[in-house]
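Per-entry structural report
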Amino acid sequence: MTKSIVITGAGSGVGRATALAFLNAGWGVALLGRRVEPLEETASLAASSDNALVLPTDVTDADAVDAAFDATVKRFGRVDALFNNAGSGAPPATIDEISVETWRKVVDVNLNAAFYCARAAFRHMRAQSPQGGRIVNNGSISADVPRPGSAAYTATKHAMTGLTRTVSLDGRPYDIACGQIDIGNAATPMTERMSGGVPQADGSVRPEPTMDVDHVAQAVLQMAELPLATNVQFMTIMATKMPYIGRG
């Protein structure tokens, strides 16, 4: 039976690269995202799109998430993995300059949606036979240390670490493994601005190096293809020379 994975935010960036890595490795891949066109484009870029399931889904809608997982099981028979990747940021601002609307939007996409997807995945993994599966959460290096002016994003990514730890613990009796990948400066549309300079902790603005997003995709694939008796609890993958180690 073909192994299957649900990937959120699969229409661009890390999500697209990861979806292609899994499709090219022979997995069945449910591609989730708000808009159908980018998802279809992702599927078309694979060596074969036969195992791609395009599911336009608003992951901030719990009912829509449940329906997407049900559709995945209907197509592939089970859910072997989830890559909880969808995320949203906000323009840099100190906390007093962040609107309540902006805060809620970031929390809804980065945290609430991750909870909805993990909940749906856990439910199916617990009930299916053979039991079990793997959840990989995209934490970002902001799950460890913040960038200036990123209260909403950083708070949600710290919360993702708590979600990862709890799901990992709760999943043990059901062979559900949960780990987290913390990504630093993968070259995607979201990080294009880094070549022109981004604010640093010392108040300066400097360009930052990036890395090939395909390296992230291969790391997620490696995590997912481990036997369930083995788990990568936390992985940090980053551009070697980015200002992270020693930041601040």
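Anything mentioned here points back to the structure above.
In what follows, the accompanying structure is described.

What counts, and where the lines are drawn
Residues numbered from 1 in each chain as written. Predicted model: local features only at pLDDT ≥ 70, side-chain atom pairs only at ≥ 80, totals over all residues. Heavy atoms only, no water. Helix = DSSP H or I, 4+ residues; strand = E, 2+ residues; numbered from the N terminus. Salt bridge = Lys/Arg side-chain N within 4 Å of Asp/Glu carboxyl O. Buried < 20%, exposed > 50% of the residue type's maximum accessible area, 1.4 Å probe, protein only. Pairing = 2+ DSSP bridges. Axes fitted to C-alpha atoms, helices over the stretch in contact; angles between N-to-C directions. Contact = heavy atoms within 4.5 Å. Core = buried A, V, L, I, M, F, W, Y, C linked by side-chain atoms within 4.5 Å.

1. Overview of the environment of A186
When you line up the elements, A186 lands in the loop between strand 6 (176–184) and strand 7 (198–199). A sequence separation of 57 residues divides A186 from P243, and the C-alpha atoms of the two residues are 14 Å apart.

2. So, the pattern of salt bridges
Applying the stated rule across the entire model yields five salt bridges. A salt bridge links R34 to D58; the shortest N-O distance between them is 3.4 Å. Here R34, found in the loop between strand 2 (28–33) and helix 2 (36–44), pairs with D58, found in the loop between strand 3 (52–56) and helix 3 (62–76); they are 24 residues apart in sequence, far enough to count as distant. Of the residues examined, R34 reaches a relative accessible area of 58% and is grouped as exposed. By relative accessible area, which is 29% here, D58 ends up partly exposed. Salt-bridge contacts for R119 lead to D66; the nearest nitrogen and oxygen are separated by 4.0 Å. Taken together, the residues R119 in helix 4 (residues 100–127) and D66 in helix 3 connect sequence positions 53 residues apart. Shared partners join several salt bridges into a network, and the residues in it are D66, R119 and R123.

3. So, the sheet that holds strand 4 (residues 81–84)
The strand order 3-2-1-4-5-6-9 describes an open sheet built from seven strands, whose pairing is parallel. The strands lining the two open edges of the sheet, one partner per strand, are strand 3 and strand 9 (234–238). Strand after strand, the sheet turns through a mean of 15° between neighbouring axes, direction not considered. Of the pairings in the sheet, the one linking strand 4 to strand 5 (residues 133–138) comprises four bridges and is parallel in character. By the bridge assignment, L82 is partnered in strand 5 with I135. Lying on the sheet, helix 4 is in contact with strand 1 (4–8), strand 4, strand 5 and strand 6; it crosses strand 4 at an angle near 175°. Lying on the sheet, helix 5 (residues 151–171) is in contact with strand 4, strand 5, strand 6 and strand 9; it crosses strand 6 at an angle near 160°.

4. Focus on the nonpolar core
Formed by 38 residues in total, the largest nonpolar core has its most connected members in F22, V29 and I181. Going through the elements one at a time, strand 1, helix 1 (13–24), strand 2, helix 2, strand 4, strand 6, helix 6 (213–224) and strand 9 are the ones with two or more residues in this core. The greatest single-element share of this core, amounting to eight residues, is contributed by helix 6. Apart from residues lying up to four places away in sequence, I181 is in contact with F83, V136, N137, N138, G139, S140, V216, A219, V220, M223, M235 and I237. Judged by nonpolar contacts, the second largest core, of 29 residues, contains V6, V59, V79 and A121.

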